Amino acid sequence: MKNPFCPYTLPLDAPFCNRITELKELEAFALSGSNVVLYSPRRYGKTSLVLRVQRNLAEKHGAITVFADFYGVTSIDDIAARMAKAVFAVTHRNEPLWKIALRTIRSFRVVMKPDAESGVSLSVEPASSGKYGLPLLEETMESLGEFIDQSESLVNIVLDEFQEIVELKESLQVEAAMRTRIQHQKASYFFVGSRRRILLGMFNERQRPFFQSAFNYELPALPEEELAGFVAALFDSNGKKCPREMALKLVRTVSCHPQYVQKLAYLVFEAAEKVVDETTIRDCLMRMLKMEEPFFEMMIQGLSLQQKLILRTVAIEPTTQPMAANYIAKYRLGSAGGVRHSLIQLEDLDLVEKEKTSERWRVVDPIFALYLRLKDVGMLP
Ligand SMILES: Nc1ncnc2c1ncn2[C@@H]1O[C@H](COP(=O)(O)OP(=O)(O)OP(=O)(O)O)[C@@H](O)[C@H]1O
Ligand SMILES: [Mg+2]
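Description of the structure in this document. Computed from a predicted structure; not experimentally measured.

Let's talk about the layout of surface pockets
Over the atoms, a rolled probe matching the size of one water molecule traces out where space is still vacant.
Working step 1: Estimated volume of the largest pocket: approximately 1,300 Å³.
Working step 2: Lining of the largest pocket is provided by 49 residues; of these, Arg42, Arg43, Tyr44, Lys46 and Gln259 occupy positions nearest its centre.
Working step 3: If you list the elements that add at least two residues to the lining of the largest pocket, you get helix 2 (46–61), helix 8 (224–236), helix 10 (258–271) and helix 11 (278–301).
Working step 4: If you tally residues by element for the lining of the largest pocket, the top one is helix 10, at six residues.
Working step 5: Looking at the lining of the largest pocket residue by residue, the classes come out as 26 nonpolar, 10 polar and 13 charged.
Working step 6: For the second largest pocket, the calculated volume is near 740 Å³.
Working step 7: If you go around the second largest pocket, you meet 31 residues; those closest to its centre are Arg196, Glu353, Lys354, Glu355 and Arg362.

Structure (C-alpha cells):
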C-alpha cells in the first residue's frame, strides 16, 4: 500500500486539497496584470499554490510563467542572476521565446551543462559588460521589461521569499530599483513570503518604494471540513480507513496546518493496521514531535536568552497583554520595554504573532507551541 501523503514540496501532480477560490482569484489577478503580495505563516502552501496557478496560466492562457526564489540571497548580483536564470529556465524549451530571451537579457550569459537527472542544467554568468551591483540589477530589470514587450504574451512573475532582500544592506536601493522598473512592465508580479511583518512592511509603509503597489492577499489555513475529507479520501483510495471523526481529530490535532496534516497523516497511514483510531493518532503525534525536535531546538538555539524566555512564556500562556505588570511578574520577564523589543524581534522571525481576532500574542507554529509547552512540564517523549 503506497503512502499517499507528502509532507515535502508537493509535486504538481500530487493530490491538492481545496484552494479552489485562491486558484481562481490568483489566476484572475494574473490575467488582469495585477500585482499581489501573497502571505501566510510558514508551510501553509504558498509555493505549492502559486506553482499551480502558474501551471494553469501556462496551460489555459499560454502565459509565460517566471519563478524566482529569493531564499538565501547573498548580494544584489545574486538577485539579478536569479531573475535572469528564471527567464532562461522557463524559455529554454521554446525556440522563439528562447531567442527573444537571449536577445533581450544581455546582462547575463547562459551556461548549459549535461545533467544526469534533468538532461541539462542551466546556470548564468554575468556578461562581459563588467557591471555589478545596482547597475547590474537595473540593467537586468530593464532587459526583463524588453523581454516582456517582445514576447507579446501574458507574463506572470513569482518572486518567492521576496522579503529576503531586506537582509541586504542596500535593500532600500534594491527595492527602489525593482519597483521603478516593475511599474512600467506589462506583467503581473506575485510577491510571496512568510515573514509577514517584514513583507507587509515593504508594501504598506508609506516611505517604502513598493508602497501600495500590490494587493495584499492572505492565505489562510485549510478549512477543517475539507481537510478532513481530503485525508479520509486519501486513506480510502489507498487501502486503509480513516473514519470521518478520526480524520477531524487528526486535522484538529495540528490546528489544520497544511504541512503538519500531511506529516501526521503520513505517520498515521504507516502505523495504522487497517482502521485509524485515536491511540494511533496520539502516538504518531508524539513521534512527530520527536522528529521535529532537532529543528525546534535549532530555532531556539539561535535566540537570545530574553527571546527564549518570551517565546516560552507566550507558548505557555498566550496573552493580549504581554507587557502587563502581573504577566511580567508571574514569568519574571524583566522590563516592559525589553518584552516589547523581544516580541518585535520574534515577530520578524515569524515565531510569534498577535492573532487577529482574539488579539492574543501566541506562537505562530502550533506544533512548536505544543513542543514548548510539553517541554516546560517535562512531558516530551
Ligand atoms: N492544498 C494543499 N493540499 C495538500 N497539502 C498541502 C496543501 N498546501 C500545502 N500542503 C502541504 O504543506 C507543505 C508546505 O507547502 P509549501 O511549501 O507550498 O508551503 P509554503 O507556504 O510555500 O512554505 P514556506 O513558508 O516554507 O515557503 C506541502 O509540502 C504539503 O505537504
Ligand atoms: Mg514556500
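Side note on the environment of Ser342
Working step 1: By the secondary structure assignment, Ser342 is in helix 14 (residues 336–348).
Working step 2: Placed 146 residues apart in sequence, Ser342 and Arg196 show a C-alpha to C-alpha distance of 16 Å.
Working step 3: Once residues within four sequence positions are removed from consideration, Ser342 is found in contact with Gln306, Gln307 and Ile310.

So, the pattern of salt bridges
Working step 1: Tallying each qualifying case throughout the model produces 29 salt bridges.
Working step 2: For Asp78, the salt bridge goes to Arg82, with nearest N and O atoms at 3.1 Å. Residue Asp78 and its partner Arg82 are located together in helix 3 (residues 76–91), separated by four residues, close to a single helical turn.
Working step 3: Between Lys375 and Glu297 there is a salt bridge, and its shortest N-O distance comes to 2.6 Å. Pair noted here: Lys375 is in helix 15 (residues 366–376) and Glu297 is in helix 11, with a separation of 78 residues, a long-range link.
Working step 4: Overall, the relative accessible area of 21% leaves Glu297 in the partly exposed class.
Working step 5: Members of the salt-bridge network, linked through shared partners, are Arg196, Asp350, Glu353 and Arg362.

Criteria and thresholds
- Sequence order as written defines residue numbering, which begins from 1 separately in each chain.
- Numbering of ligands from 1 and lettering of chains from A proceed in the order in which they are written.
- Restriction of local features to residues with pLDDT of at least 70 applies here, the model being predicted, together with a cutoff of 80 or more for giving and counting side-chain atom pairs; totals for whole chains, interfaces and linings are based on all residues.
- Side-chain numbers come from the whole structure's heavy atoms, not from hydrogens or water.
- Only protein atoms enter the 1 Å grid, on which a cavity is a set of points fitting a 1.4 Å probe that cannot get out and a pocket is an open set with protein on both sides within 12 Å along at least 5 of 7 lines, lining residues being those with an atom within 4 Å of a point.
- Grid points are joined across faces, edges and corners, and a volume is the space filled by probe spheres set on the points.
- Where helices and strands are cited, they refer to DSSP runs of H or I of at least four residues and of E of at least two residues respectively, numbered from the N terminus.
- The classification used treats Ala, Val, Leu, Ile, Met, Phe, Trp, Tyr, Cys and Pro as nonpolar, Asp, Glu, Lys and Arg as charged, and all other residues, Gly among them, as polar.
- We call two residues contacting when some pair of their heavy atoms lies within 4.5 Å.
- Any carboxyl oxygen of Asp or Glu that lies within 4 Å of a side-chain nitrogen of Lys or Arg is treated as forming a salt bridge with it.
- Burial here depends on accessible area, computed with a 1.4 Å probe over protein chains only, as a share of the maximum for the residue type. Under 20% is buried, over 50% is exposed, and the range in between is partly exposed.

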